[in-house]
Amino acid sequence: MNKLARALCQCLLIAFLSACSLAAQSLGNAGTIEGSVADPSGASVAGASVHIESAVTGYRQTVISQADGSFRLSNIPPNQYHLEVTAKGFEVHKEDISIRRSLPIQVRIALALAGTSVSVTVEAPGSDVLETNPSAHVDIDRNVFSKLPSPDPAGGLSQAIVNSAGGVAADANGLFHPLGDHAQVSFVVDGQPISDQQSKVFSTQLPTSAIQSMELVTGNPSPEFGDKTSLVVQVTTRSGLGAGKVFGNVDANYGSFGTVGGSVGLGFGNAQVGNFLAVDGVRSGRFLDTPEFSPIHDTGNNQTLFDRFDYQPNGKDAYHLNLFSARNWIQIPNSYDQLTQDQRQRVLTWSVAPGYQHTINANSLLTVNPYIRKDQFTYYGSRNPLNDTPATQSQNRQLLNWGIKADIVLAKGKHQFKFGVDAKQTRLHELFSFGITDPGFNAPCLDQDGARSVDVTLKDPGQCASAGFSPNTEANRNVSQPFLPGLALYDLSRGGRMFAFRAARSISQLAGYGVDTFTAGNLVMTFGLRLDSYRGLPGASTFEPQPRAGVAYKFKTGTVLRAAYARTMETPFNENLLLSSATGTGGLAENIFGSSSVAIRPGFRNQFNTGFQQAVGRFLLIDGDYFWKYTHNAFDFGTLLNTTITFPISWHNSKVDGFSGRVTTTNLHGFVASWNFGHNRARYFPPENGGLIPQGFSGGGPFLIDHDQKFQSTLNARYQRPKNAEWISFTYRYDSGLVVSGIANASAALELTPNQQVTIGLACGNSFATVARPLAACPGTITSTLLNLPPASEASEDHNPSRVKPRNIFNVGLGTDNLLHREGKRRITAGLDITNLSNKVAVYNFLSTFSGTHFLQPRSVVGRVGFTF
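Since this is a predicted model, take the numbers as computed values, not measurements. (Residues numbered from 1 in each chain as written. Predicted model: local features only at pLDDT ≥ 70, side-chain atom pairs only at ≥ 80, totals over all residues. Heavy atoms only, no water.)

### So, the pattern of salt bridges
Next, step 1: All chains considered together, the criterion is met by 31 salt bridges.
Next, step 2: Salt-bridge contacts for D310 lead to R308; the nearest nitrogen and oxygen are separated by 2.9 Å.
Next, step 3: You can call R308 buried: its relative accessible area is 0%.
Next, step 4: Taking the shortest distance from any N to any O, the salt bridge between K424 and D422 comes out at 3.8 Å.
Next, step 5: With a relative accessible area of 4%, D422 lands in the buried category.
Next, step 6: If you follow the salt bridges from partner to partner, you end up with D227, D422, K424, R530 and D532 in one network. (Salt bridge = Lys/Arg side-chain N within 4 Å of Asp/Glu carboxyl O. Buried < 20%, exposed > 50% of the residue type's maximum accessible area, 1.4 Å probe, protein only.)

### Some details on the packing of aromatic side chains
Next, step 1: Enumeration according to the criterion identifies 25 aromatic pairs in this entry.
Next, step 2: Arranged with centres 6.1 Å apart and planes meeting at 25°, the rings of Y311 and Y319 form a pair that is stacked.
Next, step 3: Among the aromatic residues, those joined into a cluster by ring pairs are F432, F434, Y490, F499 and F647.
Next, step 4: R397 extends its terminal NZ or CZ atom over the ring of F377, reaching a point 4.4 Å from the ring centre. (Phe/Tyr/Trp six-rings, centres within 6.5 Å; stacked < 30°, edge-to-face > 60°. Lys NZ or Arg CZ within 6 Å of the ring centre and 35° of its normal.)

### Digging into the confidence of the model for the protein chain
Next, step 1: Per-chain confidence: the protein chain averages 88 in pLDDT, with 92% of residues scoring 70 or above.
Next, step 2: In this model, residues 7-26 is a region of pLDDT below 50 whose contacts with residues beyond four sequence positions or in other chains number 56 contacts.
Next, step 3: Note on residues 118-125: pLDDT under 50 across the span, and 14 contacts to partners over four residues away in sequence or across chains. (pLDDT = per-residue confidence, 0-100. Contact = heavy atoms within 4.5 Å.)

### Section: the side chain of N811
Next, step 1: Mapped onto the elements, N811 comes out in strand 43 (residues 807-816).
Next, step 2: Polar side-chain contacts of N811 include one of 2.8 Å to the backbone nitrogen of N836. (Helix = DSSP H or I, 4+ residues; strand = E, 2+ residues; numbered from the N terminus. Polar contact = N/O pair within 3.5 Å; in protein donor to acceptor, adjacent residues only side chain to side chain.)

### Observations concerning helix 3 (residues 156-164)
Next, step 1: Along helix 3, 8 of the 9 residues are buried, which leaves the element largely enclosed by surrounding structure.
Next, step 2: Within the sequence span of helix 3, burial applies to L157, S158, Q159, A160, I161, V162, N163 and S164.

### Comments concerning the pairing of strand 15 (residues 231-237)
Next, step 1: Of all the 7 residues making up strand 15, 7 are buried; the element is thus mostly covered by neighbouring parts of the structure.
Next, step 2: Of the two faces of strand 15, the one lined by L231, V233, V235 and T237 and the one lined by V232, Q234 and T236 are each fully buried.
Next, step 3: Bridging between strand 12 (residues 185-189) and strand 15 involves 5 bridges; their strand directions are parallel. Within the sheet, the bridge partner assigned to V188 lies in strand 15 and is Q234.
Next, step 4: Direction of pairing for strand 14 (residues 211-217) relative to strand 15: antiparallel, over a ladder of 6 bridges. Residue L216 lies in a different strand from strand 15, and its bridge partner there is V233. (Pairing = 2+ DSSP bridges.)

### A closer look at the environment of S203
Next, step 1: Of note, S203 is situated in the loop between strand 13 (192-194) and strand 14.
Next, step 2: Taking the relative accessible area as the measure of exposure, S203 reaches 0% and is therefore buried.
Next, step 3: For the pair S203 and D375, spaced 172 residues apart in sequence, the C-alpha separation works out to 6.3 Å.
Next, step 4: If near-sequence neighbours (up to four positions away) are discounted, S203 is found in contact with Q197, Q198, N328, V347, T349 and D375.

### So, the sheet that holds strand 15
Next, step 1: Read from one edge to the other, the open sheet built from 5 strands follows the order 9-14-15-12-13, with strand pairing classed as mixed. Whereas interior strands pair on both sides, the edge strands pair on one side only; in this sheet they are strand 9 (137-141) and strand 13. Within this sheet the neighbouring strands show an average axis-to-axis angle of 15°, counted without direction.
Next, step 2: As defined by bridge partners, strand 12 adjoins strand 13 across 3 bridges and the pair is classed as antiparallel. The residue bridging V189 from the neighbouring strand is Q192, located in strand 13.
Next, step 3: Along the sheet face, helix 3 touches strand 9, strand 12, strand 14 and strand 15 and points at about 45° away from the line of strand 14. (Axes fitted to C-alpha atoms, helices over the stretch in contact; angles between N-to-C directions.)

See below:
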């Protein structure tokens with residue numbers, strides 16, 4: 001074990017023991033408000049109600065002052081809040097408070113006697129919705145995303161993010177593209193950093209039933225965040241601390257595709273000890289997004305268990321412990337060309353994350369978060385390998401991530417300093433096997449019609465002429481995939497052998513960071529630096545200083561202007577990193593291993609953001625942000641055929657720019673709405689490195705990758721009757737269409753199989769392709785019902801690529817939080833979700849070399865019933 005790993009191990013052990021000695025957890029990015037309530041003479045007021053509420057997210061919390069007048073509001077998600085204090089015989093005290101740091105906010109409240117003065121109000125117009133923050137972000141609470149219709153089994157977290165952040169383009173199976181990048185997302189769960197993939201085909205997501213709130217940072221990342229910074233998701237989980245009672249829920253649901261599931265939540269606690277437990281499960285006949293509109297071989301199930309324990313023995317120390325365990329078991333969906341396949345996968349995840357916070361004094365706070373987490377991914381081929389087409393593959397890989405994140409916050413005058421360290425190690429273990437079963441997949445020869453020959457006796461292009469065929473090469477072909485000599489060794493249909501790979505390696509990372517937040521009236525400025533040391537595969541280790549700065553100013557007109565710059569180091573995806581790095585330029589198809597391979601190295605980015613916020617009275621908030629990112633060594637995935645196995649790849653550089661926006665209302669007598677929208681242009685530049693099979697862009701110059709989408713928007717609207725009774729929600733999602741990398745132009749679509757042509761509604765003029773009569777040639781115009789395919793003469797990978805057709809999707813939900821309209825905490829709940837109301841036939845992408853083929857879910861109906869207490 002190297003020195004860095006030994007040092008990391010010692011730090012983690014010490015921190016773990018110190019945190020666990022009292023049973024432990026940190027409050028992460030959540031805030032605390034503490035103080036006292038007094039009368040005009042200074043005497044303590046006991047029994048006063050202290051209530052905070054966010055006008056934007058709807059989050060609320062209430063506590064009662066103690067005998068000495070003291071109170072404490074804990075685990076508060078970052079946001080702007082309106083605070084009200086009421087007590088019998090006194091006027092109501094009102095003020096606005098901003099929670100943007102974990103350092104406790106001290107409040108001393110002096111109540112005026114009733115009838116002696118007007119209500120005390122300490123606030124400014126729009127102050128409870130505007131935020132003077134240099135970084136664009138979105139705050140959402142569970143009372144918002146818990147009522148949004150979610151069509152994705154075990155993917156509610158991804159759905160909530162896609163529906164709430166305008167710069168995020170949706171993709172299949174819980175994947176999404178934040179601000180023009182592919183899955184460059186970091187999660188921070190109660191202080192635990194997670195930068196590995198969290199979609200259900202890689203790992204198991206935290207269920208939304210365990211989440212209290214999320215902050216989605218799409219702008220300039222703070223120096224405390226590294227690894228993957230296109231989107232930083234700060235999650236605050238639910239807690240029983242301070243509940244003063246036992247609370248919980250039991251829910252069950254049933255719907256289309258045989259989807260059945262349930263959720264159990266149980267919380268309890270007092271001012272010192274609290275616990276919250278969430279247990280969820282779901283089984284569906286359409287668990288993954290499918291390569292056909294109707295699901296074939298797509299049953300899956302998911303089970304998750306989350307527990308959070310809190311202990312606060314006094315006003316200075318806070319401990320917590322997060323435990324998470326989950327399992328996915330999934331059939332891999334088949335297309336009509338793969339009806340014999342029986343491929344499956346299983347994902348097991350567990351995580352232990354203790355933590356500790358110590359309030360040194362009113363101006364300083366220490367936070368320590370050790371953690372350990374493991375993902376185990378197993379992919380099973382069919383029992384008979386020849387039933388798999390066009391290839392058979394299997395995999396068993398493990399990812400063990402452990403580390404410690406610690407920082408100290410110091411407040412002095414107009415400055416707030418934060419200094420910290422982030423040390424971690426990721427242990428990778430990969431086993432993989434692969435073999436071609438379809439003789440036409442990597443055919444060395446073309447027959448007389450120019451199609452790939454399935455003659456298994458022909459194993460080399462040099463044998464083609466003697467058989468009356470022509471060689472399948474770049475210079476002489478009429479098919480989208482030429483013969484790849486590196487794959488010939490693993491062509492089982494021609495007597496080849498299985499490719500087998502096995503490797504293990506540890507990736508060690510150490511980062512230090514510091515940031516100064518300077519506040520002077522309506523001006524906020526941040527200056528920070530992050531230092532990252534990345535010790536990965538041979539040739540991939542690096543050290544990078546990353547300066548970051550931002551400024552925001554709030555005008556009296558209710559306007560906030562902001563601008564920011566960040567230098568970031570983007571780390572490679574860890575999933576299948578070892579094999580992908582071993583293959584080198586051209587991937588396995590070129591059969592480059594050993595000294596000729598080039599490890600995938602970290603990327604370096606310069607990012608610029610500028611934006612604004614505008615409050616319209618106290619009821620409407622408008623937010624807009626423009627971003628420009630230049631990345632040297634930009635990352636993506638290469639998907640292996642029609643599987644869930646993907647390999648990290650890198651491109652020489654990328655240039656991504658665009659904008660995101662959000663228009664939000666406050667709660668208007670039960671009605672709340674938000675409109676999120678965005679645009680991104682994502683240009684990538686060859687050469688490519690890593691992967692298994694090359695992506696095959698023919699131009700050799702820049703191209704628009706399949707993260708590129710001209711426009712996407714989501715409209716969320718909800719109305720709920722008073723007293724938390726009946727509600728109705730509506731979601732409208734528009735996507736202009738991602739780039740399709742697998743079909744370069746309309747003529748290339750003629751090379752598809754008959755089933756593939758029928759799937760995309762391929763037509764020559766008014767004549768549509770059928771399985772019995774596919775289109776082999778077309779003298780007229782080639783069209784598709786699902787894709788926009790430019791003619792070969794007009795197609796351009798950089799300016800006019802093939803794209804998915806625009807789509808409009810409508811979802812509706814309705815329900816009640818008190819079915820029997822009874823008083824008290826024990827209530828019966830019920831709900832009905834209808835997703836894809838118009839039953840729109842659409843795809844996320846088709847034959848994408850980066851993400852495969854996946855249809856949106858057909859219209860589905862899910863009913864729910866539950867009991868809360």
